[in-house]
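# Structure assessment
Chain by chain, the residues run as shown.
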Amino acid sequence: MPVPAEPLRPLPVPARLIARETIGSFLTRLAFANSLRIPHLLALAAITTDQRSFTPATDDTRGWTEPTPGRIAALAGRPLPELATAIPLLATMTPADTAPLRACGHCTAAKNVTGMVILRARARDYLCARHEQWLRGIHRPSLAALPEITDSQRRHDRRTANVPDQDITRAHQQARDITGQWLASGWHPALTERWQDRHRRLAAMLPGPEAVLADVITHPEMLSVAHLLISSHRSPGIRQREIAARLGFPYPSRPHPLDPLHNHLSQQPGPTQEATWPSTFPASSATRTSPPAW
Ligand SMILES: [Zn+2]
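About the thresholds
- Residues numbered from 1 in each chain as written.
- Predicted model: local features only at pLDDT ≥ 70, side-chain atom pairs only at ≥ 80, totals over all residues.
- Helix = DSSP H or I, 4+ residues; strand = E, 2+ residues; numbered from the N terminus.
- Buried ≥ 20, exposed ≤ 12 C-beta atoms within 10 Å, placed from the backbone.
- Contact = placed C-beta atoms within 7 Å.
- Expected span 1.5 Å × (residues − 1).
- Arc of directions from axis to C-beta.
- pLDDT = per-residue confidence, 0-100.
- Axes fitted to C-alpha atoms, helices over the stretch in contact; angles between N-to-C directions.
- Parallel < 35°, antiparallel > 145°, perpendicular 65-115°, else oblique.
- Left-handed = near helix turned anticlockwise from the far one by under 90°.
- Nonpolar A, V, L, I, M, F, W, Y, C, P; charged D, E, K, R; others polar.
- Core = buried A, V, L, I, M, F, W, Y, C linked by C-beta atoms within 7 Å.

Let's shift gears to the overall build of the chain. Scanning the chain from N- to C-terminus turns up 13 helices and four strands. Counting all 294 residues of the chain, 32% fall into the buried class. For the chain, long-range pairs separated by at least 24 residues make up 63% of all intrachain contacts whose partners lie at least 6 apart in sequence.

Printed below as a string of structure tokens:
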């Protein structure tokens, strides 16, 4: 496709900037605001991507040509550095390694932006605390009936404000694996009961797929486990009493050797060893095990 002749004028209707938006979402909004078809806008931006593979979730530079970033900035009527503060791809110019996430509709509406906005999700993005809205996946239940979910996220964000994103990502992956095993096999009766209670409250509001509900109902404990994993890396030798306090249930003082949390913690270096986490943090070691026979 020939690159259109420079220079470009800004399109008549600008699109507002929304932090961490994907480039696909931004270009789609810009096209719609100006009644342009997507292929037309892509051509103006000198993007040769197959238009069928372009969606609002697109967040890479496939099909871009050298003048593309400058042309997007010109069409948007904003300097490139200003656009790059909102659109991570323009700041890094590398493919996204984070999952796309549909922004909270109440938050975007508050900025007078109608229609769908896609963001790059950070590891800690699961919900909108302000609007008590779950944001992961297609089914996005309201969390109004489960205030402890939003509270746990706020607490976790406060406690881990200084933890690097990649450490959060790893800890969350492992914690999800652990709580997933606890849920699937009913390892801890007190937790199972708590999760069943949440499931009842949530399902009353939104009958949805079990997988989605499972992530929601186990969320506070997933965050607690993640925080335990992060702290035990920083000061190894965590006590069972502390685990019980953080999780709010009587975690056994002598846990079953196959308990997934016990397993993860016992793989961490002892106090006298050099702490090498996260480089030795096993990647989502999904050792599916049977629960003890109690
Ligand atoms: Zn919101």
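To continue, consider helix α7 (residues 147–159). Side chains of residues three or four places apart in an α-helix project in the same direction, reflecting 3.6 residues per turn. With 13 residues, α7 extends 19 Å from end C-alpha to end C-alpha; this agrees with the ideal 18 Å at 1.5 Å per step. Along α7, the residues that are buried comprise Ile-149, Thr-150, Ser-152, Gln-153 and His-156. With its buried residues spanning 160° around the axis, α7 presents them on a single face. In this structure, α7 carries Pro-147, Glu-148, Arg-154 and Arg-158 as exposed residues pointing more than 90 degrees from its buried face.

Our next topic: unusual backbone geometry. In terms of backbone geometry, most residues other than glycine have negative phi values and most peptide bonds are trans. One non-glycine residue with positive phi stands out, namely Arg-20, at about 65°. Mapped onto the secondary structure, Arg-20 falls in the segment before α1 (23–33). The backbone of Asn-112 sits at a positive phi, close to 60°, despite the residue not being glycine. With respect to the helices, strands and loops of the structure, Asn-112 is situated in the loop between α6 (105–110) and β2 (118–120). Under the C-beta neighbour-count criterion, Asn-112 is labelled exposed, with 7 such atoms within 10 Å.

Topologically, His-106 is positioned in helix α6. Assessed through the 12 C-beta atoms surrounding it within 10 Å, His-106 is described here as exposed. Sequence spacing of His-106 and Gln-133 is 27 residues, and the spatial spacing of their C-alpha atoms is 9.2 Å. Beyond its immediate sequence surroundings of up to four residues, His-106 is in contact with His-131 and Gln-133.

A separate point is helix α8 (residues 165–185). Under the 1.5 Å per step criterion, the end-to-end length of α8 is 30 Å for 21 residues, consistent within 8% with the ideal 30 Å. Within the sequence span of α8, burial applies to Arg-170, Ala-171, His-172, Gln-174, Ala-175, Ile-178, Thr-179, Gln-181, Trp-182 and Leu-183. Directly beyond the C-terminal end of α8, a positive phi value near 60° is found at Gly-186.

Next up on the list: the confidence of the model for the chain. When pLDDT is low, close inspection of the predicted coordinates is not appropriate. Averaged over every residue, the pLDDT of the chain is 82; residues scoring 70 or more account for 84%. Counted against residues more than four places away or in other chains, residues 270–294, with its pLDDT under 50, gives 27 contacts.

For any two helices packed against each other, one specifies the crossing angle of their axes together with the interaxial distance. At a closest axis distance of 8 Å, the pairing of α8 and helix α11 (residues 219–234) adopts a crossing angle of 125°. Taken together, the axes of α8 and α11 lie oblique to each other. Relative to α11, α8 is oriented so that their crossing is right-handed. In this structure, α8 uses Asp-167, Ala-171, His-172, Gln-174, Ala-175, Arg-176, Ile-178 and Thr-179 to contact α11, whose residues at the interface are Glu-221, Met-222, Val-225, Ala-226, Leu-229 and Ile-230. Classifying every residue of the contact of α8 with α11 gives eight nonpolar, three polar and three charged.

Core analysis: the largest hydrophobic core is formed by 29 residues, its most contacted members being Ala-175, Val-216, Val-225, Ala-226 and Leu-229. Elements supplying a minimum of two residues to this core: α8, α9 (189–205), α10 (210–217), α11, α12 (240–247) and α13 (260–266). The element contributing the most residues to this core is α11, with seven residues. Residues Ala-15, Leu-27, Ala-45 and Leu-83 belong to the second largest nonpolar core, which totals 22 residues.

Let us look at the packing of α7 against α11. Look at α7 against α11: their axes get within 8 Å of each other, and the N-to-C directions meet at 20°. By the angle between their directions, the pair α7 and α11 is classed as roughly parallel. When the axes of α7 and α11 are compared, the crossing they make is left-handed. For the pair α7 and α11, contact is made by Glu-148, Ile-149, Ser-152, Gln-153, His-156 and Arg-159 and by His-219, Pro-220, Leu-223 and His-227, respectively. For the contact of α7 with α11, a count of residues per class yields three nonpolar, five polar and two charged.

So, about the environment of Leu-223. Checked against the element boundaries, Leu-223 lands in helix α11. Put simply, Leu-223 and His-156 are 67 residues apart on the chain and 6.6 Å apart in space, counted from C-alpha to C-alpha. With residues near it in sequence (within four places) discarded, Leu-223 still touches Ser-152, Gln-153 and His-156.

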